[in-house]
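What the coordinates show
Listed below, chain by chain, are the residues.
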There are 2 protein chains.
Amino acid sequence: MSGWLAIAGLGPGDEALITPEVSAALAQATDVLGYAPYVARVAAWAGLCLHGSDNREELDRARHGLRLAAQGRRAVIVSSGDPGVFAMAAAVFEVLEEDAGWAALEVRVLPGITAMLAAAAKAGAPLGHDFCAINLSDNLKPWAVIETRLRCAARGDFAMAFYNPRSRARPEGFGRALEVLREECNPGRLVIFARAVSTEDERIITVTLAEATPDMADMRTIVLVGNSQTRRAGRFVYTPRAVP
Amino acid sequence: MSGWLAIAGLGPGDEALITPEVSAALAQATDVLGYAPYVARVAAWAGLCLHGSDNREELDRARHGLRLAAQGRRAVIVSSGDPGVFAMAAAVFEVLEEDAGWAALEVRVLPGITAMLAAAAKAGAPLGHDFCAINLSDNLKPWAVIETRLRCAARGDFAMAFYNPRSRARPEGFGRALEVLREECNPGRLVIFARAVSTEDERIITVTLAEATPDMADMRTIVLVGNSQTRRAGRFVYTPRAVP
């Protein structure tokens, strides 16, 4: 009876974007842990233990998964998107050394389609050249760090993807991010608001930086910002592969 | 008889990392196009036309796919990893407006597991905080742009993922990148060399920036560089979610 822990990415929403590797892990699992709406995406069967928890309980959830594995259970912690991108994988490694017995456990991270790449695919290829991924939530870092990273990304002429642009607790952050971008970038810079990508509620709109307003993003939105070369081709938006 | 073009990501190598969406598109295809080693990864059957081509023929391949779709064929252009990350999606949109008849075609980008996220998952969670993806090839951009982006990424304390660190034609670029990083970052910064991730040849090693040498990367390697907080936990490497 040897237990294991997998930290698995469910992708952005559509079941057709869940990898066979993740589906196989879920089929072998005894326990599934995660933020309750993500756990609800897993098809349950008799005997599978579902452990849904709140959004802010990442470290407790990580410890719970490791304890289950140490007891010989086959535990899967599910994340939306990819578990290594602003999700549960880092939380597991943050607590891994708390218990010396956990070091020898089988722990695997199973990648998934992260929201920015699903959003980019629907829009065209806006991340087709060098890009940055930035979490705009200031839950775990000071706003000054976010602002510095926005300016560095703009000065390097990276395309950008913003996760968590606008949380209920901190609605003002995204407006401040737009102000920083307006100081650094041309007003014609393309900005894509991709909401609930690959679900029934999907909505993707492209505007210029001058037209972008904070209320265009909500908690289910990924924001993609082109670089200085990003342009439209018909209904698509893409960033050319070459820099002139 | 309505044709379409899909630009699809095959992931890093393991079939268990190909999404059901991509498998479904390949099952419906009449034609598969791509760099020959990627086309060779597609299971062929009688009647499926395989069009393998050379690495440098992206724009011709994109036009070929669009012409096939316009003829009513169901064409899939395959990329390794994700087609929107340093791959074929941008090339298709670059040529889409060359022929007015192509504007109305059904063109879809189907995301895949990109190499940096597959590599990060195997290593732990080194991209668990804000990060940049940079193509180190100077085929399509001047070296000065690459150097500026490396410095901006380092000054923003982003983790980094480098695609195409070392090509046969330009072996010296990665050594120059390491020199720039040594000017900007602490010598203890963690660097992960992830070669042939998810294949039989997979090899993942982690060293410090002081220990890193150009010959640790080849054409099949993705290089991940941690941020200033990235650390080891047992056999894993991760970047904490919080900035102190």
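Bear in mind the structure is a predicted one, so any value in this text is a computation, not a measurement.

Observations concerning the overall build of chain A
Of the regular secondary structure elements, chain A holds seven helices and 13 strands. When its C-alpha atoms are laid out on the principal axes, chain A stretches across 60 × 35 × 35 Å. Per-residue burial over chain A gives 58% buried out of 244 residues. Partitioning the contacts of chain A with sequence separation of at least 6, the portion at a separation of at least 24 is 69%. Split by element, the accessible area of chain A, about 9300 Å² in all, is 49% carbon and sulfur.

Some points on the interface of chain B and chain A
Between chain B and chain A, the contact holds 70 residues from the first and 70 residues from the second. At the boundary of chain B with chain A, total buried surface from both sides reaches about 5500 Å², with 62% on carbon and sulfur atoms. Of all residues in chain B, the largest losses of buried area upon contact with chain A belong to Phe93(B), Arg149(B) and Arg241(B), amounting jointly to 14% of the total for that side. At the junction of chain B and chain A, the tally comes to 10 salt bridges. A salt bridge links Arg241(A) to Glu94(B); the shortest N-O distance between them is 3.0 Å. Counting residues per element, the side of chain B that touches chain A draws most heavily on helix H6 (residues 143-155) of chain B, which supplies six residues. Class assignment for the residues of the side of chain B that touches chain A results in 41 nonpolar, 13 polar and 16 charged. The pairing of strand E7 (residues 131-135) of chain A with strand E7 (residues 131-135) of chain B spans three bridges and is antiparallel.

Notes on the environment of Ala217(A)
Residues and elements named next belong to chain A. Turning to its location among the elements, alanine 217 is positioned in the loop between strand E10 (203-208) and strand E11 (221-225). For alanine 217, a relative accessible area of 2% translates into the label buried. Apart from the residues lying within four places of it in its own chain, the contact partners of alanine 217 are Pro165, Arg166, Phe174, Phe193 and Val223.

As for the packing of helix H3 (residues 58-70) of chain B against helix H4 (residues 88-95) of chain B
Residues and elements named next belong to chain B. Axis separation between H3 and H4 bottoms out at 8 Å; the angle between their running directions is 70°. As summarised for this structure, H3 and H4 are arranged roughly perpendicular, according to the angle between their axes. Between H3 and H4 the crossing geometry is right-handed. Taken together, the residues of H4 that come into contact with H3 (itself represented by Glu58, Leu59, Arg61, Ala62, Arg63 and Leu66) are Met88, Ala91, Val92, Glu94 and Val95. The residue inventory of the contact of H3 with H4, partitioned by class, reads seven nonpolar, no polar and four charged.

Quick notes on the domain arrangement of chain A
Residue and element names in this part refer to chain A. On domain assignment, one finds that chain A holds domain 1 (4-113) and domain 2 (116-238). Placing a centre on the C-alpha atoms of domain 1 and another on those of domain 2 gives a separation of 28 Å. Contact between domain 1 and domain 2 buries roughly 640 Å² in total, counting both sides, with carbon and sulfur atoms accounting for 66%. For the domain 1 face of the interface with domain 2, the top three residues by lost area are Pro12, Arg56 and Phe86, together amounting to 64%. For the interface between domain 1 and domain 2, the tally reads two residue pairs in polar contact (both at pLDDT 80 or more). Broken down by class, the residue content of the side of domain 1 that touches domain 2 amounts to five nonpolar, one polar and two charged.

Some remarks on the nonpolar core
Core analysis: the biggest nonpolar cluster contains 52 residues, and Leu150(A), Phe162(A), Phe174(A), Leu150(B), Phe162(B) and Phe174(B) have the highest contact counts within it. Beyond its immediate sequence surroundings of up to four residues, Phe162(A) is in contact with Ile134(A), Leu136(A), Leu150(A), Phe174(A), Leu181(A), Thr221(A), Ile222(A), Val223(A) and Val225(A). Counting 46 residues, the second-largest nonpolar core is a separate cluster that includes Ala194(A), Phe86(B), Leu127(B) and Ile222(B).

Things to note about empty space enclosed by the protein
All names here are of chain A. Per the stated rule, a full pass over the model turns up two cavities of 30 Å³ or more. There is about 90 Å³ of room inside the largest cavity. Around the largest cavity, the lining is made up of 13 residues, and of these Leu136, Ser137, Asp138, Arg170 and Gly173 lie nearest the centre. Of the residues forming the lining of the largest cavity, the biggest block, three residues, is contributed by helix H7 (residues 173-184). Taken together, the residues that form the lining of the largest cavity break down as four nonpolar, four polar and five charged.

Looking at the packing of helix H6 (residues 143-155) of chain A against H6(B)
Here H6(A) crosses H6(B) at 180°, and the two axes come no closer than 9 Å. Put simply, H6(A) runs roughly antiparallel to H6(B). For the pair formed by H6(A) and H6(B), the contact residues are Thr148(A), Cys152(A) and Arg155(A) on the first element and Thr148(B), Cys152(B) and Arg155(B) on the second. Of the residues that constitute the contact of H6(A) with H6(B), the class distribution is two nonpolar, two polar and two charged.

Describing the sheet that holds strand E12 (residues 231-233) of chain B
The sheet built from three strands is open, its strands ordered E6-E13-E12 (chain B) with mixed pairing. The two strands at the open ends of the sheet, each matched to only one other strand, are strand E6 (124-125) and E12 of chain B.

Notes on the pattern of salt bridges
Tallied over the entire structure, the rule returns 34 salt bridges over all chains. Ionic pairing is found between Glu58(B) and Arg241(A), a salt bridge with its closest N-O pair at 4.0 Å. Placement of Glu58(B) in helix H3 and of Arg241(A) in the segment after strand E13 (236-238) is noted, with the two residues assigned to different chains. Put simply, Lys122(B) and Glu202(B) hold a salt bridge, and the shortest N to O gap is 2.8 Å.

The rules behind these values
Residues numbered from 1 in each chain as written. Chains lettered and ligands numbered in written order. Predicted model: local features only at pLDDT ≥ 70, side-chain atom pairs only at ≥ 80, totals over all residues. Heavy atoms only, no water. Helix = DSSP H or I, 4+ residues; strand = E, 2+ residues; numbered from the N terminus. Buried < 20%, exposed > 50% of the residue type's maximum accessible area, 1.4 Å probe, protein only. Contact = heavy atoms within 4.5 Å. Areas by Shrake-Rupley, 256 points an atom, 1.4 Å probe, with all protein chains shown as cover. Buried area = accessible area lost by both parts, 1.4 Å probe. Salt bridge = Lys/Arg side-chain N within 4 Å of Asp/Glu carboxyl O. Nonpolar A, V, L, I, M, F, W, Y, C, P; charged D, E, K, R; others polar. Pairing = 2+ DSSP bridges. Axes fitted to C-alpha atoms, helices over the stretch in contact; angles between N-to-C directions. Parallel < 35°, antiparallel > 145°, perpendicular 65-115°, else oblique. Left-handed = near helix turned anticlockwise from the far one by under 90°. Domains from an automatic or database assignment. Polar contact = N/O pair within 3.5 Å; in protein donor to acceptor, adjacent residues only side chain to side chain. Core = buried A, V, L, I, M, F, W, Y, C linked by side-chain atoms within 4.5 Å. 1 Å grid on protein atoms, 1.4 Å probe; cavity = no way out; pocket = protein on both sides within 12 Å on 5 of 7 lines; lining within 4 Å. Points joined across faces, edges and corners; volume = space filled by probe spheres on them.

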